[in-house]
Amino acid sequence: MIIGRKGEQEQLAQCVNSGQPEFVILYGRRRIGKTYLVRNYFNNQFAFSYVGARNLTTAEQLENFAVALKEYSHAGITPKLGNWREAFQALKELLQGLPQGQRKVVFIDEMPWIDNPHSDFVTALEIFWNGWGAYQNDLLLIACGSATSWMADKLFENQGGLHNRVTRSIYLAPFTLAETEEMLTSIGCHWDRYQILQCYMVTGGVPFYLRKMQSRLSLAQNIDHLFFAKNAELRHEFSELYTSLFRHADNYIQVVKALSEKREGLTRKEITERTKINGGWLTKIIENLERCDFVVVYSRFGSKNKNAVIRLTDMFTLFYLRFVNDNHVQNEQYWTQAVNTPAVVSWQGHTFEVVCLRHLQQIKKALGISGMLTQASCWRGKADDDHTPLHASAQIDLVIERADRIINICEMKFSQLPYTVDADEERKLRNRLAVFQSVTRTRKTLVVTYVTPYGVRHGRHTGIIQSEVTMDDLFA
């Protein structure tokens, strides 16, 4: 059974039925379910399929490819392959021998692992596609891989023989809250939405991590089992994740660690100051992190791309760096015992903001503006701005500017009960609005929107709040 992925399945269906040669790239982070989607969608009915193996030599990869050719051709002899050009020539001959008129699906998985240094793999792929595959109306080639930087450089941004040859690029994102609920229910974890939301904050909606949840354990016990128990399965997942996705992973880890230390995010200049990484290399790192949904790049309200803020939004990374990375406490019940501590409460507040940023479409739907042109941004008004009073500064993490000349000023608050606004918070909120209006000089109508799990407890200090979005809205 395929959970969610309706849009991706529709794209695959279009490729199957296009009547044209299709070169499809399917990419996404490690553990996101790329192989699972393709194999289940096509029910393992391939004209040819091969999975690259990590840390094998070119000779070993070719040997495995030859074994796959033998299997799919039902030949009695394993072919001898001296290089990748010979391998793709043999694949061409295999496909030519199949009945005409039916879609021939070729699935090459973990393609980045096949392309060893000094390998002729990409060149051979270019020759195979440009010289033959691109003229076969019954051919559907699916290239899959987790190493996003490789997939970008070698395939859909290729400036050589494969330039503009990819017919469709399909990105597999982490699950939404709704898909996470469907997944957990399918494995017997019949938790309420508050628990599912907490689970989402830890796993980031990554299907592989969600499948590890055990229905016989509580959520806290599951987290202890996966991260803090002796030989916990996900204890070392962080380094594996970044190594599998990015070449020069240490530089990427440097950047995400810097971002994890600043809740509201950093500008490029601030990242460079903390990591000493700059120029084109920093641009590439940010682009690849954004491709995998590890970061969100927000322009500041009113300034377009100038001084854009990069915010770490990968919840698994945020959880790992906050509680697992430097945790040397030998306590297999660490999370069960720490779940109500100030550190966890602070992390929940931060991560709930990230959940909201990841569910912007659901927020727009709840506000009744899903079909309206909008621009999401953040905003900081600092005390040294020309138009800001010296005693005033403010920050807004989500500003939704609408085509109807209304601006939603969003406050995202995590709580296990209806959220209470006291006199001090009302005063700070009014000050924030005043500073925003003074600095931006906007004449548009400001609407205060609170996003909370259980809504706002209405009282004498909530008159300033004009719209609400709840946890159930985020699950839409």
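What you see is a predicted model, and the numbers here were worked out from it, not measured in a lab.

What follows covers the packing of aromatic side chains. Here the distance between the centres and the angle between the planes together describe a pair of aromatic rings. Scanning all chains against the criterion turns up 41 aromatic pairs. For the cation-ring pair, Arg-31 lies above Phe-208, with the distance from its terminal atom to the ring centre recorded as 3.9 Å. One cation-aromatic arrangement involves Arg-211 over Tyr-36; the distance from NZ or CZ to the ring centre is 4.8 Å.

Reading across the sheet, the 5 strands line up as 2-3-4-1-5 and stay open at both edges, with parallel pairing between neighbours. Each of the sheet's edge strands pairs with one partner strand only, and the pair in question is strand 2 (48-51) and strand 5 (168-171). Going from strand to strand, the sheet's axes swing by 15 degrees on average, the running direction of each strand aside. Here strand 1 (residues 22-27) runs beside strand 5; their pairing, made up of 4 bridges, is parallel. Of the residues in strand 5, the one forming a bridge with Val-24 is Arg-168. Helix 1 (residues 6-17) rests against strand 1, strand 4 (139-145) and strand 5 of the sheet, and its axis sits at about 160 degrees to strand 5.

Right, let's talk about the packing of helix 9 (residues 193-203) against helix 18 (residues 342-358) for a bit. Viewed as axis vectors pointing N to C, helix 9 and helix 18 meet at an angle of 85 degrees, and their least axial separation amounts to 10 Å. The angle between the axes of helix 9 and helix 18 places the two elements in the roughly perpendicular class. Where helix 9 abuts helix 18, its residues Leu-197, Gln-198, Tyr-200, Met-201 and Val-202 lie against Trp-347, Gln-348, Thr-351, Phe-352 and Val-355. Partitioning the contact of helix 9 with helix 18 into residue classes produces 7 nonpolar, 3 polar and no charged.

Moving on: the sheet that holds strand 10 (residues 406-412). One open sheet holds the 5 strands; their spatial order is 8-9-10-12-14, and the pairing between them is mixed. The sheet terminates laterally at strand 8 (374-381) and strand 14 (467-469), the two strands that pair on one side only. Looking at each pair of strands side by side, their axes are set apart by 30 degrees on average, direction ignored. By the bridge criterion, 7 bridges tie strand 10 to strand 12 (residues 445-451) in an arrangement that is parallel. Within strand 12, the position partnered with Ile-406 by the bridge is Thr-445.

So, about the pairing of strand 8. Judged by how many residues are buried, strand 8 sits mostly within the fold: 6 of 8 residues are covered. Direction of pairing for strand 8 relative to strand 9 (residues 394-402): antiparallel, over a ladder of 7 bridges. In the strand pairing of strand 9, Trp-379 is matched with Ile-396.

Rules behind the numbers
Residues numbered from 1 in each chain as written. Predicted model: local features only at pLDDT ≥ 70, side-chain atom pairs only at ≥ 80, totals over all residues. Heavy atoms only, no water. Phe/Tyr/Trp six-rings, centres within 6.5 Å; stacked < 30°, edge-to-face > 60°. Lys NZ or Arg CZ within 6 Å of the ring centre and 35° of its normal. Pairing = 2+ DSSP bridges. Helix = DSSP H or I, 4+ residues; strand = E, 2+ residues; numbered from the N terminus. Axes fitted to C-alpha atoms, helices over the stretch in contact; angles between N-to-C directions. Contact = heavy atoms within 4.5 Å. Parallel < 35°, antiparallel > 145°, perpendicular 65-115°, else oblique. Nonpolar A, V, L, I, M, F, W, Y, C, P; charged D, E, K, R; others polar. Buried < 20%, exposed > 50% of the residue type's maximum accessible area, 1.4 Å probe, protein only.

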